[in-house]
Amino acid sequence: MPKEYDEFDDFTEADSPTYGGDRWAEGGFGDSPDGEPSGGDAEQQQDDEPGGEDRSDAPEASAAAPEDTQEALIAAVLDEIRGGGDPDVVPAQSTVTGYAEFLAVDAALDRRWPESVMEPSLERMQALCDALGDPQRGYPVVHLTGTNGKTSTSRMVDALLTEIGLRTGRYTSPHLQRATERINLDNRPVTPERYVAAYREVEPLVELVDAQRGDAPALSKFEVLTAMAFAAFSDAPVEAAVVEVGLGGRWDATNVADGNVAVVLPVGLDHAEYLGDDITDIAREKAGIIKEGSVAVLAAQDKRVAEVLLERCAEVGAQVAREGAEFGVVERELAVGGQRLELQGLSGRYDEIFLPLHGEHQASNAAVALAAAEALVGAGTAQPLDPDAVRAAFASVRSPGRLEPVEGGPDRPTVLLDAAHNPAGATALAGALGSEFRFTRLVGVIGVLQGKDARGILEGLQPALHEVVVTTNSSPRAMDPDELGALAAEVFGSERVSVEPSLAEAVEQAREIAEEAGGSGVGVVVTGSVVTVGEARALFGKEPE
């Protein structure tokens, strides 16, 4: 049977700032009485569902139904799926009935193995892709793995390819607020209706593959989502796809695609239960995305990791481009709202680049993204990318939940959101807060999931935070705030720690603590989990991106 692993981003990363990592691994898992996998995906922020009926087949309301009938439908669907409470705001580009069907589809997906489950095999995923006609082979692919930085780098690669005129598809995980964030066309999330259409396209073949497998494990939620993305890209059709690994690499569902460019971002310790408790074991899993004849774009790595990756490149005959050798950051200086960069790419040097993201790690991600885009289109010294296109692409990049400012002003503390959920991400976040901001008092709001290295996260953040308010989130795997508070007291000292189980109240309490310092230069940073940050974005009225 599949085994449960911990929060990725994260996917996390997604995750990452992208150090938010693989949020899709934050869910729970259990077996139903009949032996079939069941459980909810914490990353979707769903409550456990009563009963077992398949709401994906719920009847649609007539498009001509009165507005009050439509609103009643959406409220009823939301109440049943979300567990009650105020209904979400229907996206501006979506109809009420369309959004209701999207939520029903999401609930149907949640009844599959949650994304906190992985059974090491590509057999199920390949069978589904075979049935679909191998859509993942209809376009060149940039495939990204690594412990941190995947989602931000994916967004940068997508922006670059879009700016030079290619129609793109992008598949990332986890999402912060809405599952449509995962599947992007033309550098924008698909609508709820497009998401539903992708599901309806693969649904009959998913059922066929499941039936053919008999008592063997059925397709997981992440496998179905991955097939939906591949099919949507093929239908568009796209001219290039940017695909982020969910977990590891070798056995990840995305690895049925043979990436023309394989990107390996910094590799660190995370998901030891599945990837191993040694960094070289983890590196071997992630090296599995490097395929024969591909170009491997390697971020700066621990020496042991670099050796493993280079061995893999030699084994499959992949070309190698290394940060610090063939490409890298030449200069970096702080700028209002981000940073100004000069990058050395594979085809030449690009200056006067404005990147509206904070942190030295994001500058490194930008260099990696540039090299990946160059490698995909075959740019070289004789034919470099258009410098103006490169500048425009980086200037347009957004990475929600990665040192993202959501509030601030003369009379209000600056509030930042960052989805760091592992020690490496927390350390990178603390470094960026110290080097790029000048806070006289900075208060952290921290909510972590069970099974994560909570002490490591707290220790990574400790140098940057004056005080912390420990909280929780809606995930069934959220760490008990009192338990996290006790751990925080050991790291920060009890006089610097408060516990507030309500995230909204924790943010307000952190604001008040920051304001006690008086004057300017006070701030709040919400971090510790992708779920925590996604819910904080909703609190501040931010739309999914």
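From a predicted model like this one, the values you see are computed outputs, not experimental measurements.

How each quantity is defined
- Residues numbered from 1 in each chain as written.
- Predicted model: local features only at pLDDT ≥ 70, side-chain atom pairs only at ≥ 80, totals over all residues.
- Heavy atoms only, no water.
- Phe/Tyr/Trp six-rings, centres within 6.5 Å; stacked < 30°, edge-to-face > 60°.
- Helix = DSSP H or I, 4+ residues; strand = E, 2+ residues; numbered from the N terminus.
- Buried < 20%, exposed > 50% of the residue type's maximum accessible area, 1.4 Å probe, protein only.
- Axes fitted to C-alpha atoms, helices over the stretch in contact; angles between N-to-C directions.
- Parallel < 35°, antiparallel > 145°, perpendicular 65-115°, else oblique.
- Left-handed = near helix turned anticlockwise from the far one by under 90°.
- Contact = heavy atoms within 4.5 Å.
- Pairing = 2+ DSSP bridges.

## Overview of the packing of aromatic side chains
Summed over the entire model, instances satisfying the criterion amount to five aromatic pairs. When the centroid spacing of 5.1 Å and the interplanar angle of 80° are considered together, the rings of Phe102 and Tyr195 count as edge-to-face. A residue pair is termed long-range when its members are at least 10 positions apart, and Phe102 in helix α2 (residues 96-110) and Tyr195 in helix α5 (residues 192-213) qualify at 93 residues. In this pair, the class of Phe102 matches that of Tyr195, namely buried. Taken together, the aromatic side chains of Tyr99, Phe102 and Tyr195 make up a single cluster linked through ring pairs.

## A few points about the packing of helix α13 (residues 454-461) against helix α14 (residues 481-492)
Closest axis-to-axis distance for the α13/α14 pair is 10 Å, and the angle between their directions is 40°. As the angle between them shows, α13 and α14 are arranged oblique. Crossing of α13 against α14: the hand is right-handed. Contact residues: Ala454, Arg455, Leu458, Glu459 and Leu461 in α13; Leu484, Leu487, Ala488, Glu490, Val491 and Phe492 in α14.

## Quick look at unusual backbone geometry
The omega torsion of the bond from Ser173 to Pro174 falls at 5°, within 30 degrees of zero and hence cis. Tracing the backbone shows Pro174 in the loop between β6 (168-171) and β7 (183-185). Residue Pro237 is bonded to the preceding Ala236 through a cis peptide linkage, with omega at -15°. Here Pro237 shows up in the loop between α6 (221-235) and β9 (240-244). You will see that Leu403, though not glycine, has its phi angle at about 45°, which is positive.

## Side note on the sheet that holds strand β8 (residues 188-189)
The eight strands are arranged β8-β7-β6-β9-β5-β10-β11-β12 in an open sheet whose pairing can be described as mixed. Every other strand in the sheet has two partners, leaving β8 and β12 (319-322) as the edge strands with one partner each. In the sheet, strand β10 (residues 261-264) pairs with strand β11 (residues 295-298) via four bridges, with the strands oriented parallel. Bridge pairing in β11 places Val261 opposite Val295.

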